[in-house]
Amino acid sequence: MKQVLLIDTDPGVDDALALLMAYDRADVAALTIAAGNVGLGHTVANALRLTELVATATPVYAGAAEPLVRPAADAAFVHGADGFGDAGLAPAQRQADAEHGALALIRLTRERPGELTLVALGPLTNLALALRLDPTLPQRVARLVIMGGAVTGRGNTTVPAEFNIGFDPEAAHIVFSGWPQFELVDWEATMRHGITLQRFESWLAAGDARARFYDAISSKIRGFMRERNRPGLVLADALAMAVVLDPDCVRRTEHRHVAVELDGSLTRGATIVDWEGRNGQPANARIVLELDQARFEAMIAAALGVR
């Protein structure tokens, strides 16, 4: 039987690839959307565009338009002002549902207790709001997989912080401290599982309509990589989705307590891993450190229509 996924996301070029992977191998119950890579209006519009591409009526729920406490900069300089590479895509014909994303998370898990795998690909604002409204939420979720963090402090925004956690550290703190057990796929794992541009672009050339769509929206980010002489793409959300879709592809993990720094002038948004068990707190995170690269790449190619 296919997994049933409830995906909280902020599309985003990398989120789009993860969603294509999800639709290729799982059932998607709903998409709840937050601001992050770009503003909420764009992330919702992008989610709707993607559901039309894969010809699904998956409900899309707009959620948090900003972080819980402090404003944060988006990642439009990488993803484009519209989050989809400024590719000039036509707007979707369908509309988002009226219910707030955080309320949808609560309702859907009540309607299907124990059935849903929750996948968090963006800032954790919607999930934090839902958890504050209903602290019993984790009891109804089969599995929570989070893309976020930098477990040894090699971030991609500030020195120690990764974007999703750094965008809304307070939300991440609420989730990490209120969810007994979750799986964490961090930025550093993403860096270890990059894909060469040449290989990735061969898939874009060989795929179907999904590949043509992804070729258009990822052109800007591929140019960004080339300008900086980077050898390949790091596909953070796709890596997290691979962990969701094929748990057996995971090769190495560590089970540790992970917390979020809220106050440090240099370390706000950092994920602090208690590697040595010094704080006396129970481990709350299964940290994914290594995947089977061939299986990861095969999932991406299949999601782009390469058979």
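An account of the accompanying structure is given in this report. (Residues numbered from 1 in each chain as written. Predicted model: local features only at pLDDT ≥ 70, side-chain atom pairs only at ≥ 80, totals over all residues. Heavy atoms only, no water.)

## Focus: unusual backbone geometry
Part 1 of the argument: The residue after Pro 11, namely Gly 12, is reached through a cis peptide bond having omega -5 degrees.
Part 2 of the argument: For Asp 86, which is not glycine, the phi dihedral falls at a positive 50 degrees.
Part 3 of the argument: With respect to the helices, strands and loops of the structure, Asp 86 is situated in the loop between α3 (76–79) and α4 (101–111).
Part 4 of the argument: The exposure class of Asp 86 is partly exposed, given its relative accessible area of 43%. (Helix = DSSP H or I, 4+ residues; strand = E, 2+ residues; numbered from the N terminus. Buried < 20%, exposed > 50% of the residue type's maximum accessible area, 1.4 Å probe, protein only.)

## A short note on the sheet that holds strand β1 (residues 4–9)
Part 1 of the argument: The eight strands are arranged β3-β2-β1-β4-β5-β6-β12-β9 in an open sheet whose pairing can be described as mixed. Strands with a single pairing partner mark the edges of an open sheet, and in this sheet they are β3 (60–62) and β9 (250–256). Put simply, the sheet's adjacent strands are angled 25 degrees from each other on average, direction ignored.
Part 2 of the argument: Across four bridges, strand β6 (residues 182–185) lies against strand β12 (residues 285–291) in parallel orientation. Counted as the bridge partner of Val 185 is Val 288 from β12. (Pairing = 2+ DSSP bridges. Axes fitted to C-alpha atoms, helices over the stretch in contact; angles between N-to-C directions.)

## Section: the pattern of salt bridges
Part 1 of the argument: On inspection of all chains with the given rule, the structure shows 20 salt bridges.
Part 2 of the argument: Linking Asp 134 and Arg 110 is a salt bridge whose minimum nitrogen-to-oxygen distance equals 3.2 Å. Residue Asp 134 is found in the loop between α5 (125–133) and β5 (143–147), and its partner Arg 110 is found in helix α4; the two are separated by 24 residues along the sequence.
Part 3 of the argument: Overall, Asp 134 belongs to the buried group, its relative accessible area being 4%.
Part 4 of the argument: Take Arg 110: its relative accessible area is 53%, and that puts it in the exposed class.
Part 5 of the argument: Taking the shortest distance from any N to any O, the salt bridge between Asp 215 and Arg 222 comes out at 2.4 Å.
Part 6 of the argument: Residue Asp 215 is classed as partly exposed on the basis of its relative accessible area, which comes to 32%.
Part 7 of the argument: Each member of the salt-bridge network shares a partner with another, and the members are Asp 24, Asp 208, Arg 210 and Arg 307. (Salt bridge = Lys/Arg side-chain N within 4 Å of Asp/Glu carboxyl O.)

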